[in-house]
Amino acid sequence: MTRKILEKLRNGAPSNEEIVYLLTSGDRELIFAAARETRQKHFGNKVFSYGFVYFSTHCRNDCAFCCCRRSNRALERYRKSDSEIVEHAVNLEKSGVNLIDLTMGEDEFYTEQPARLAAIIREVKNTTGLSVMVSPGVISRRALEMAAESGADWLALYQETHNRELFKKRRVRQNFDERMNLKRHAASLGILVEEGIMAGIGESPADHAVSFGEMRRLNAFQIRSMRFVPQEGTPMAEFSSEFSLGNTETELLDIAVMRLLFPDRLIPASLDVEGLEGLKARLNAGANVITSLIPPDAGLMGVSQREKDIRSGCRTLRAATPILEELGLRAAANAEYSAFLAAAKAGVKYNSRVAAI
Ligand code: SAM
Ligand code: MD0
(Lines give C-alpha, C1' and ligand atoms only; values in the text may rest on other atoms or scores of the structure.)
(Ligands and ions follow the chains in the order given, each with its own letter.)
Protein backbone atom coordinates (compact mmCIF):
# COMPACT_ATOMS: atom_id res chain seq x y z
CA MET A 1 0.00 0.00 0.00
CA THR A 2 2.81 2.45 0.92
CA ARG A 3 4.53 1.81 -2.42
CA LYS A 4 1.28 2.37 -4.26
CA ILE A 5 0.68 5.73 -2.56
CA LEU A 6 4.31 6.81 -3.08
CA GLU A 7 3.94 6.00 -6.75
CA LYS A 8 0.76 8.08 -6.88
CA LEU A 9 2.60 10.94 -5.18
CA ARG A 10 5.19 10.97 -7.96
CA ASN A 11 2.47 11.46 -10.54
CA GLY A 12 0.04 13.79 -8.78
CA ALA A 13 -1.74 14.51 -5.56
CA PRO A 14 -2.84 11.69 -3.26
CA SER A 15 -6.14 11.90 -1.36
CA ASN A 16 -6.31 13.02 2.27
CA GLU A 17 -7.08 9.39 3.22
CA GLU A 18 -3.86 8.27 1.56
CA ILE A 19 -1.89 10.98 3.38
CA VAL A 20 -3.41 9.81 6.67
CA TYR A 21 -2.39 6.25 5.78
CA LEU A 22 1.22 7.37 5.26
CA LEU A 23 1.20 9.26 8.59
CA THR A 24 -0.30 6.45 10.62
CA SER A 25 0.22 3.06 8.99
CA GLY A 26 2.77 3.50 6.22
CA ASP A 27 6.14 1.77 5.95
CA ARG A 28 8.29 4.48 7.56
CA GLU A 29 11.62 3.46 6.05
CA LEU A 30 10.15 3.45 2.53
CA ILE A 31 8.62 6.90 3.11
CA PHE A 32 11.87 8.36 4.49
CA ALA A 33 13.91 6.89 1.63
CA ALA A 34 11.51 8.38 -0.94
CA ALA A 35 11.71 11.76 0.83
CA ARG A 36 15.54 11.73 0.75
CA GLU A 37 15.55 10.82 -2.90
CA THR A 38 13.18 13.72 -3.63
CA ARG A 39 15.34 16.18 -1.67
CA GLN A 40 18.44 14.96 -3.52
CA LYS A 41 16.70 15.49 -6.86
CA HIS A 42 15.70 19.06 -6.07
CA PHE A 43 18.46 20.33 -3.78
CA GLY A 44 21.40 17.98 -4.33
CA ASN A 45 23.45 17.64 -1.14
CA LYS A 46 22.85 21.22 0.02
CA VAL A 47 21.30 22.08 3.37
CA PHE A 48 20.52 25.68 4.33
CA SER A 49 21.00 27.05 7.83
CA TYR A 50 19.18 29.71 9.83
CA GLY A 51 20.37 31.66 12.86
CA PHE A 52 17.69 32.29 15.47
CA VAL A 53 17.47 35.56 17.40
CA TYR A 54 14.55 35.51 19.84
CA PHE A 55 14.98 39.16 20.70
CA SER A 56 11.93 39.73 22.91
CA THR A 57 10.10 37.16 25.01
CA HIS A 58 7.41 39.62 26.14
CA CYS A 59 4.01 38.69 24.72
CA ARG A 60 0.45 39.99 24.93
CA ASN A 61 -0.96 36.58 23.95
CA ASP A 62 -1.96 33.66 26.10
CA CYS A 63 -1.31 30.63 23.89
CA ALA A 64 -2.04 27.44 25.82
CA PHE A 65 1.14 25.73 24.59
CA CYS A 66 3.73 28.49 24.95
CA CYS A 67 6.00 29.26 27.86
CA CYS A 68 5.96 32.93 26.87
CA ARG A 69 2.18 33.21 27.36
CA ARG A 70 1.27 36.38 29.23
CA SER A 71 -0.10 34.49 32.24
CA ASN A 72 3.18 32.69 32.89
CA ARG A 73 4.46 35.04 35.55
CA ALA A 74 7.27 32.66 36.52
CA LEU A 75 9.14 33.14 33.24
CA GLU A 76 12.07 35.55 33.34
CA ARG A 77 11.68 37.70 30.26
CA TYR A 78 14.06 39.82 28.27
CA ARG A 79 14.04 42.35 25.46
CA LYS A 80 17.40 42.77 23.72
CA SER A 81 18.58 46.23 22.67
CA ASP A 82 19.05 47.04 18.97
CA SER A 83 22.82 46.91 19.30
CA GLU A 84 22.68 43.52 21.06
CA ILE A 85 20.42 42.15 18.32
CA VAL A 86 22.81 43.31 15.62
CA GLU A 87 25.80 41.93 17.51
CA HIS A 88 24.19 38.47 17.79
CA ALA A 89 23.18 38.56 14.12
CA VAL A 90 26.74 39.43 13.11
CA ASN A 91 28.11 36.55 15.19
CA LEU A 92 25.66 34.21 13.51
CA GLU A 93 26.68 35.52 10.10
CA LYS A 94 30.33 34.84 10.93
CA SER A 95 29.38 31.30 11.94
CA GLY A 96 28.15 30.67 8.38
CA VAL A 97 24.34 30.75 8.56
CA ASN A 98 22.37 31.80 5.46
CA LEU A 99 19.60 33.76 7.15
CA ILE A 100 18.72 35.52 10.39
CA ASP A 101 15.31 34.70 11.86
CA LEU A 102 14.23 37.70 13.97
CA THR A 103 11.61 36.35 16.36
CA MET A 104 9.59 38.04 19.08
CA GLY A 105 6.58 37.50 21.30
CA GLU A 106 3.76 39.90 20.46
CA ASP A 107 5.60 42.57 22.46
CA GLU A 108 3.72 45.87 22.51
CA PHE A 109 7.02 47.72 22.57
CA TYR A 110 7.20 46.74 18.88
CA THR A 111 3.58 46.13 17.90
CA GLU A 112 2.63 49.66 19.00
CA GLN A 113 5.71 51.21 17.39
CA PRO A 114 6.33 49.25 14.19
CA ALA A 115 9.12 51.61 13.15
CA ARG A 116 11.22 49.97 15.87
CA LEU A 117 10.86 46.55 14.25
CA ALA A 118 11.46 47.97 10.78
CA ALA A 119 14.67 49.64 11.98
CA ILE A 120 16.00 46.35 13.39
CA ILE A 121 15.26 44.49 10.16
CA ARG A 122 17.06 47.15 8.10
CA GLU A 123 20.04 47.25 10.43
CA VAL A 124 20.45 43.46 10.58
CA LYS A 125 20.08 43.18 6.83
CA ASN A 126 22.57 45.95 6.07
CA THR A 127 25.13 44.87 8.64
CA THR A 128 25.15 41.15 7.92
CA GLY A 129 24.23 41.22 4.23
CA LEU A 130 22.11 38.13 4.92
CA SER A 131 18.49 37.36 4.16
CA VAL A 132 16.08 38.09 6.98
CA MET A 133 13.01 36.27 8.23
CA VAL A 134 10.71 38.03 10.64
CA SER A 135 8.58 36.04 13.10
CA PRO A 136 6.62 38.75 14.91
CA GLY A 137 3.22 37.11 15.45
CA VAL A 138 0.21 39.02 14.20
CA ILE A 139 1.24 42.61 13.55
CA SER A 140 -0.74 45.29 11.71
CA ARG A 141 -0.80 45.33 7.92
CA ARG A 142 1.06 48.65 8.06
CA ALA A 143 3.75 47.13 10.29
CA LEU A 144 4.17 44.31 7.79
CA GLU A 145 4.43 46.78 4.93
CA MET A 146 7.15 48.63 6.85
CA ALA A 147 8.92 45.31 7.41
CA ALA A 148 8.74 44.69 3.66
CA GLU A 149 10.13 48.16 2.90
CA SER A 150 12.99 47.42 5.31
CA GLY A 151 13.89 44.32 3.32
CA ALA A 152 12.26 41.43 5.20
CA ASP A 153 12.46 38.40 2.90
CA TRP A 154 10.17 36.10 4.87
CA LEU A 155 7.23 36.18 7.24
CA ALA A 156 7.08 33.11 9.50
CA LEU A 157 3.62 32.83 11.02
CA TYR A 158 2.46 29.36 11.96
CA GLN A 159 -1.23 28.60 12.23
CA GLU A 160 -0.30 25.52 14.38
CA THR A 161 -3.55 23.89 13.20
CA HIS A 162 -6.11 24.66 10.51
CA ASN A 163 -8.86 23.11 12.61
CA ARG A 164 -10.71 26.25 13.73
CA GLU A 165 -12.15 24.70 16.91
CA LEU A 166 -8.75 23.49 18.04
CA PHE A 167 -7.12 26.81 17.09
CA LYS A 168 -9.55 28.56 19.44
CA LYS A 169 -8.43 26.36 22.34
CA ARG A 170 -4.72 26.66 21.65
CA ARG A 171 -4.31 30.24 20.42
CA VAL A 172 -6.67 31.56 23.07
CA ARG A 173 -8.69 34.67 22.08
CA GLN A 174 -6.83 35.03 18.77
CA ASN A 175 -8.47 35.39 15.39
CA PHE A 176 -7.94 32.52 12.94
CA ASP A 177 -8.69 34.58 9.83
CA GLU A 178 -6.60 37.55 10.88
CA ARG A 179 -3.60 35.23 11.21
CA MET A 180 -4.23 33.59 7.82
CA ASN A 181 -4.91 36.91 6.12
CA LEU A 182 -1.63 38.45 7.26
CA LYS A 183 0.17 35.65 5.41
CA ARG A 184 -1.83 36.38 2.27
CA HIS A 185 -0.97 40.06 2.64
CA ALA A 186 2.73 39.15 2.98
CA ALA A 187 2.55 37.22 -0.26
CA SER A 188 0.96 40.24 -1.99
CA LEU A 189 3.90 42.38 -0.78
CA GLY A 190 6.44 39.96 -2.26
CA ILE A 191 7.41 38.52 1.13
CA LEU A 192 7.81 34.74 1.21
CA VAL A 193 5.68 32.90 3.74
CA GLU A 194 6.50 30.10 6.14
CA GLU A 195 3.47 28.13 7.35
CA GLY A 196 3.62 25.53 10.11
CA ILE A 197 1.79 23.07 12.29
CA MET A 198 2.42 21.74 15.75
CA ALA A 199 2.12 17.98 16.17
CA GLY A 200 0.41 16.71 19.30
CA ILE A 201 -1.87 19.51 20.45
CA GLY A 202 -5.07 17.46 20.24
CA GLU A 203 -5.50 17.23 16.48
CA SER A 204 -6.37 14.18 14.39
CA PRO A 205 -4.17 12.79 11.61
CA ALA A 206 -6.74 14.09 9.11
CA ASP A 207 -6.08 17.62 10.43
CA HIS A 208 -2.47 17.30 9.26
CA ALA A 209 -3.66 16.40 5.77
CA VAL A 210 -5.96 19.45 5.78
CA SER A 211 -3.03 21.65 6.85
CA PHE A 212 -0.90 20.38 3.96
CA GLY A 213 -3.69 21.53 1.64
CA GLU A 214 -3.71 24.97 3.27
CA MET A 215 0.08 25.19 2.88
CA ARG A 216 -0.40 24.63 -0.82
CA ARG A 217 -3.17 27.22 -1.10
CA LEU A 218 -0.93 29.76 0.65
CA ASN A 219 1.93 28.94 -1.71
CA ALA A 220 4.17 28.79 1.36
CA PHE A 221 7.81 28.43 0.35
CA GLN A 222 8.83 27.08 3.73
CA ILE A 223 6.65 24.64 5.65
CA ARG A 224 7.18 23.02 9.00
CA SER A 225 5.91 20.59 11.57
CA MET A 226 7.23 20.79 15.10
CA ARG A 227 6.36 18.38 17.85
CA PHE A 228 4.64 20.04 20.80
CA VAL A 229 6.97 20.15 23.82
CA PRO A 230 5.02 20.56 27.10
CA GLN A 231 5.99 23.70 29.03
CA GLU A 232 5.90 24.25 32.78
CA GLY A 233 3.66 27.08 33.90
CA THR A 234 1.13 26.52 31.05
CA PRO A 235 -2.28 24.79 30.94
CA MET A 236 -0.75 22.14 28.64
CA ALA A 237 2.13 21.24 30.99
CA GLU A 238 0.74 17.69 31.42
CA PHE A 239 -0.96 17.38 28.02
CA SER A 240 -0.61 14.21 26.01
CA SER A 241 -2.27 13.64 22.70
CA GLU A 242 -5.17 11.24 22.27
CA PHE A 243 -4.01 9.95 18.89
CA SER A 244 -0.40 9.60 19.93
CA LEU A 245 0.31 12.29 17.38
CA GLY A 246 2.88 14.57 18.83
CA ASN A 247 5.68 12.15 19.36
CA THR A 248 8.84 12.61 17.36
CA GLU A 249 7.75 9.94 14.89
CA THR A 250 4.81 12.08 13.84
CA GLU A 251 7.03 15.10 13.26
CA LEU A 252 9.40 12.96 11.18
CA LEU A 253 6.58 11.51 9.09
CA ASP A 254 5.16 15.02 8.61
CA ILE A 255 8.56 16.16 7.35
CA ALA A 256 8.80 13.24 4.92
CA VAL A 257 5.25 13.55 3.63
CA MET A 258 5.65 17.32 3.19
CA ARG A 259 8.88 16.71 1.25
CA LEU A 260 6.99 14.36 -1.07
CA LEU A 261 4.06 16.73 -1.46
CA PHE A 262 6.25 19.85 -1.84
CA PRO A 263 9.50 18.62 -3.44
CA ASP A 264 11.04 22.04 -4.08
CA ARG A 265 10.15 23.80 -0.82
CA LEU A 266 12.17 24.42 2.32
CA ILE A 267 11.46 22.19 5.31
CA PRO A 268 13.17 22.79 8.65
CA ALA A 269 14.98 20.35 10.87
CA SER A 270 14.57 22.40 14.02
CA LEU A 271 17.09 22.04 16.82
CA ASP A 272 14.43 23.42 19.14
CA VAL A 273 12.73 20.07 19.75
CA GLU A 274 15.45 17.53 20.54
CA GLY A 275 18.59 19.61 20.16
CA LEU A 276 21.54 18.40 18.09
CA GLU A 277 20.80 14.73 18.76
CA GLY A 278 17.54 15.08 16.83
CA LEU A 279 19.18 16.53 13.72
CA LYS A 280 20.12 13.31 11.95
CA ALA A 281 16.61 11.85 12.08
CA ARG A 282 15.08 15.06 10.72
CA LEU A 283 17.58 15.24 7.84
CA ASN A 284 16.98 11.56 7.14
CA ALA A 285 13.27 12.35 6.88
CA GLY A 286 13.94 14.86 4.08
CA ALA A 287 14.38 18.23 5.84
CA ASN A 288 16.71 20.70 4.13
CA VAL A 289 17.12 23.65 6.52
CA ILE A 290 18.71 23.55 9.97
CA THR A 291 16.88 26.09 12.12
CA SER A 292 17.20 27.45 15.62
CA LEU A 293 20.98 27.85 15.51
CA ILE A 294 21.76 30.07 18.53
CA PRO A 295 25.07 31.65 19.58
CA PRO A 296 26.26 30.12 22.87
CA ASP A 297 26.92 33.22 24.98
CA ALA A 298 24.23 35.64 23.85
CA GLY A 299 21.65 34.99 26.58
CA LEU A 300 19.10 34.11 23.90
CA MET A 301 16.35 31.55 24.44
CA GLY A 302 14.99 28.77 22.26
CA VAL A 303 11.20 28.47 22.08
CA SER A 304 10.20 24.93 22.98
CA GLN A 305 13.63 24.03 24.36
CA ARG A 306 14.60 27.22 26.12
CA GLU A 307 18.14 26.18 27.03
CA LYS A 308 18.90 22.79 25.51
CA ASP A 309 22.33 22.65 23.79
CA ILE A 310 22.78 26.42 23.70
CA ARG A 311 25.55 27.13 26.21
CA SER A 312 27.48 24.02 25.17
CA GLY A 313 27.71 25.39 21.63
CA CYS A 314 25.78 22.46 20.19
CA ARG A 315 23.28 24.74 18.43
CA THR A 316 25.92 25.99 16.01
CA LEU A 317 26.70 25.20 12.39
CA ARG A 318 30.11 24.03 13.51
CA ALA A 319 28.55 21.38 15.78
CA ALA A 320 26.08 20.35 13.06
CA THR A 321 28.73 19.99 10.33
CA PRO A 322 29.99 16.47 11.23
CA ILE A 323 26.38 15.23 11.11
CA LEU A 324 25.88 16.77 7.68
CA GLU A 325 29.11 15.15 6.50
CA GLU A 326 28.13 11.76 7.89
CA LEU A 327 24.95 11.92 5.79
CA GLY A 328 26.75 13.05 2.64
CA LEU A 329 25.27 16.55 2.92
CA ARG A 330 26.88 19.99 3.19
CA ALA A 331 26.01 23.48 4.40
CA ALA A 332 24.98 25.67 1.47
CA ALA A 333 26.82 28.91 0.68
CA ASN A 334 25.01 32.25 0.87
CA ALA A 335 25.04 32.57 -2.92
CA GLU A 336 23.22 29.24 -3.16
CA TYR A 337 20.60 30.38 -0.67
CA SER A 338 20.17 33.68 -2.53
CA ALA A 339 19.60 31.73 -5.74
CA PHE A 340 16.77 29.82 -4.07
CA LEU A 341 15.20 33.05 -2.80
CA ALA A 342 15.52 34.79 -6.14
CA ALA A 343 13.78 31.90 -7.91
CA ALA A 344 11.03 31.74 -5.27
CA LYS A 345 10.38 35.48 -5.48
CA ALA A 346 10.37 35.44 -9.26
CA GLY A 347 8.02 32.45 -9.24
CA VAL A 348 10.40 30.39 -11.36
CA LYS A 349 11.40 26.82 -10.72
CA TYR A 350 14.49 26.44 -8.52
CA ASN A 351 17.18 24.45 -10.25
CA SER A 352 19.77 23.27 -7.80
CA ARG A 353 22.34 22.43 -10.46
CA VAL A 354 22.19 25.83 -12.13
CA ALA A 355 22.24 27.53 -8.73
CA ALA A 356 25.40 25.68 -7.74
CA ILE A 357 27.46 27.06 -10.65
N1 SAM B 1 5.14 35.15 18.70
C2 SAM B 1 5.24 34.73 17.34
C3 SAM B 1 4.07 33.86 16.95
O4 SAM B 1 3.32 33.43 17.83
O5 SAM B 1 3.90 33.61 15.75
C6 SAM B 1 6.58 34.06 17.01
C7 SAM B 1 7.21 33.26 18.10
S8 SAM B 1 6.40 31.78 18.51
C9 SAM B 1 7.18 31.34 19.98
C10 SAM B 1 7.06 30.67 17.27
C11 SAM B 1 6.48 29.29 17.22
O12 SAM B 1 7.04 28.46 18.21
C13 SAM B 1 4.99 29.12 17.41
O14 SAM B 1 4.27 29.51 16.29
C15 SAM B 1 4.89 27.63 17.68
O16 SAM B 1 4.73 26.91 16.48
C17 SAM B 1 6.26 27.30 18.29
N18 SAM B 1 6.11 26.87 19.69
C19 SAM B 1 5.80 27.65 20.75
N20 SAM B 1 5.69 26.90 21.87
C21 SAM B 1 5.94 25.62 21.50
C22 SAM B 1 5.96 24.37 22.21
N23 SAM B 1 5.69 24.32 23.50
N24 SAM B 1 6.26 23.27 21.53
C25 SAM B 1 6.53 23.33 20.20
N26 SAM B 1 6.52 24.46 19.49
C27 SAM B 1 6.22 25.60 20.12
C1 MD0 C 1 12.86 27.20 15.14
N2 MD0 C 1 12.95 28.09 17.37
O3 MD0 C 1 13.17 27.32 13.95
C4 MD0 C 1 12.72 28.42 16.00
C5 MD0 C 1 11.37 29.11 15.82
C6 MD0 C 1 10.40 30.92 14.36
N7 MD0 C 1 10.42 31.38 13.02
C8 MD0 C 1 11.23 29.68 14.44
C9 MD0 C 1 10.18 28.19 16.20
O10 MD0 C 1 12.67 26.10 15.63
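Because the structure is predicted, anything quoted here is derived from the model rather than measured. (Residues numbered from 1 in each chain as written. Chains lettered and ligands numbered in written order. Predicted model: local features only at pLDDT ≥ 70, side-chain atom pairs only at ≥ 80, totals over all residues. Heavy atoms only, no water.)

1. Digging into the site of ligand 2
Heads up, the condition is: Neighbouring residues are identified by heavy atoms, a residue being near a molecule or strand if any of them is within 4 Å of it. What qualifies as a polar contact is a pair of N or O atoms within 3.5 Å, subject to a donor-acceptor requirement within protein and to the restriction that residues adjacent in sequence count only when both atoms come from side chains. Numbering goes from the N terminus for both helices and strands, where a helix is a DSSP run of H or I of at least four residues and a strand is a run of E of at least two. Amino acids outside the nonpolar list (Ala, Val, Leu, Ile, Met, Phe, Trp, Tyr, Cys, Pro) and the charged list (Asp, Glu, Lys, Arg) are all regarded as polar, and Gly is one of them.
With respect to spatial proximity, 13 residues lie near ligand 2, and among them D101, S135, S270, D272 and T291 are the closest. R224 places a polar side-chain atom, nitrogen or oxygen, 3.0 Å from an oxygen atom of ligand 2. One of the side-chain N or O atoms of T291 is found 2.8 Å from an oxygen atom in ligand 2. Mapped by element, the contributors of at least two residues to the shell around ligand 2 are β2 (99–104), β6 (222–227) and β8 (289–293). When its residues are assigned to classes, the shell around ligand 2 shows five nonpolar, five polar and three charged.

2. Quick word on the pairing of β2
Cut-off, in case you're wondering: Relative accessibility under 20% of the residue-type maximum defines a buried residue, over 50% an exposed one, and the middle range a partly exposed one, all with a 1.4 Å probe and only protein chains included. A pair of strands is treated as paired once DSSP finds two or more bridges between them.
Counting buried positions over the six residues of β2 gives six, a clear majority of the element. What you see with β2 is no split at all: L99, D101 and T103 on one side and I100, L102 and M104 on the other are buried throughout. Strand direction decides the pairing type here: strand β1 (residues 46–56) and β2, joined by six bridges, are parallel. Paired with V53 across the two strands is L102, which belongs to β2. Relative to strand β3 (residues 131–135), β2 runs parallel, the two being bridged by five bridges.

3. Concerning the pattern of salt bridges
What counts here: Take a side-chain nitrogen of Lys or Arg and a carboxyl oxygen of Asp or Glu: if they are within 4 Å of each other, that pair is a salt bridge.
In the structure shown here, the tally under the stated rule is 27 salt bridges. With a shortest N-O distance of 2.9 Å, E18 and K8 are connected by a salt bridge. On the criterion of sequence distance, the pair formed by E18 in helix α2 (residues 16–24) and K8 in helix α1 (residues 2–10) is long-range, its members being ten residues apart. The network of salt bridges with common partners includes D62, R69, R70 and R173.

4. Describing the packing of aromatic side chains
Operational definition: Pairing of aromatic rings covers Phe, Tyr and Trp, the last through its six-membered ring, and needs centres within 6.5 Å; plane angles under 30 degrees mean stacked, over 60 mean edge-to-face, and all others mean tilted.
If you walk through the whole model with that rule in mind, you get ten aromatic pairs. Consider the rings of F55 and Y110, whose centres lie 5.1 Å apart with planes at 90°: the pair is edge-to-face. With a gap of 55 residues between them, F55 in strand β1 and Y110 in helix α5 (residues 108–111) connect regions that are remote in the sequence. With respect to class, F55 is no different from Y110; both count as buried. Members of the aromatic cluster, connected to one another through ring pairs, are F43, F48, Y50, Y337 and F340.

5. Comments concerning the environment of G196
We apply this condition: Should any heavy atoms of two residues lie within 4.5 Å, those residues are considered in contact.
Examined against the element boundaries, G196 turns out to sit in strand β5 (residues 192–199). Ignoring anything within four residues of it in the chain, the contact list for G196 reads Y158, Q159, E160, M215 and R224.

6. Quick notes on the pairing of β5
Regular strands have side chains that alternate between both faces of the sheet. Selection criterion: Looking down the strands as they point away from you, a crossover is right-handed if its path from the first strand over the helix to the second goes clockwise.
Burial of β5 is extensive: eight of the eight residues sit out of reach of the surface. Bridging between strand β4 (residues 154–156) and β5 involves three bridges; their strand directions are parallel. Considered in β5, the bridge of L155 is made with V193. Between the parallel elements β5 and β6, the chain passes through helix α10 (residues 205–218) in a crossover that is right-handed.

7. Regarding helix α15 (residues 334–346)
Here is the rule we go by: Under the convention used throughout, the expected extent of a helix is 1.5 Å for every residue step, that is, one less than its residue count.
Under the 1.5 Å per step criterion, the end-to-end length of α15 is 18 Å for 13 residues, consistent within 8% with the ideal 18 Å. Directly beyond the C-terminal end of α15, a positive phi value near 70° is found at G347.

8. Here we look at the site of ligand 1
The condition is simple: Each accessible area is a Shrake-Rupley result for a 1.4 Å probe, and residues are judged covered by the shown protein chains and nothing else.
As a matter of local geometry, ligand 1 sits amid 21 residues, with M104, E160, R171, R179 and V229 nearest to it. Measuring from an oxygen atom of ligand 1, one finds a side-chain N or O atom of E160 at 2.5 Å. Contact between ligand 1 and R171: an oxygen atom at 2.9 Å from a side-chain N or O atom of the residue. In the complex, 94% of the free accessible area of ligand 1, which totals 560 Å², lies under the protein chains. Of all the secondary-structure elements, those providing two or more residues to the shell around ligand 1 are β2 and β6. Counted by class, the shell around ligand 1 contains eleven nonpolar, six polar and four charged residues.

9. Topic: the packing of α2 against α10
Packed helix pairs are specified by the crossing angle of their axes together with the interaxial distance, meaning the distance between the axes. The cut-off we apply is this: The angle between two axes is taken between their N-to-C directions and runs from 0 to 180 degrees, where each axis is a line fitted to C-alpha atoms and a helix contributes only its stretch in contact. Roughly parallel means an angle under 35 degrees; roughly antiparallel means over 145; roughly perpendicular covers 65 to 115; every other angle is labelled oblique. Note on convention: near helix rotated counterclockwise from far helix by under a right angle means a left-handed crossing. Clockwise means right-handed.
Two elements in contact, α2 and α10, have axes separated by 9 Å at closest approach and are oriented at 120°. Between α2 and α10, the angle is such that the two are oblique. At the point where α2 passes α10, the crossing takes the right-handed sense. Across from N16, I19, V20, L23 and T24 in α2, the residues of α10 making contact are P205, A206, H208, A209, V210 and F212. Its residues assigned to classes, the contact of α2 with α10 shows eight nonpolar, three polar and no charged.

10. Side note on unusual backbone geometry
Although it is not a glycine, N219 sits at a positive phi angle of roughly 55°. Relative to the assigned elements, N219 resides in the loop between α10 and β6. Residue class for N219 comes out partly exposed when judged on its relative accessible area of 43%. A positive phi angle is found at S292, which is not glycine, with a value near 70°. Tracing the sequence through the fold places S292 in strand β8. By relative accessible area, S292 is classed as buried at 6%.

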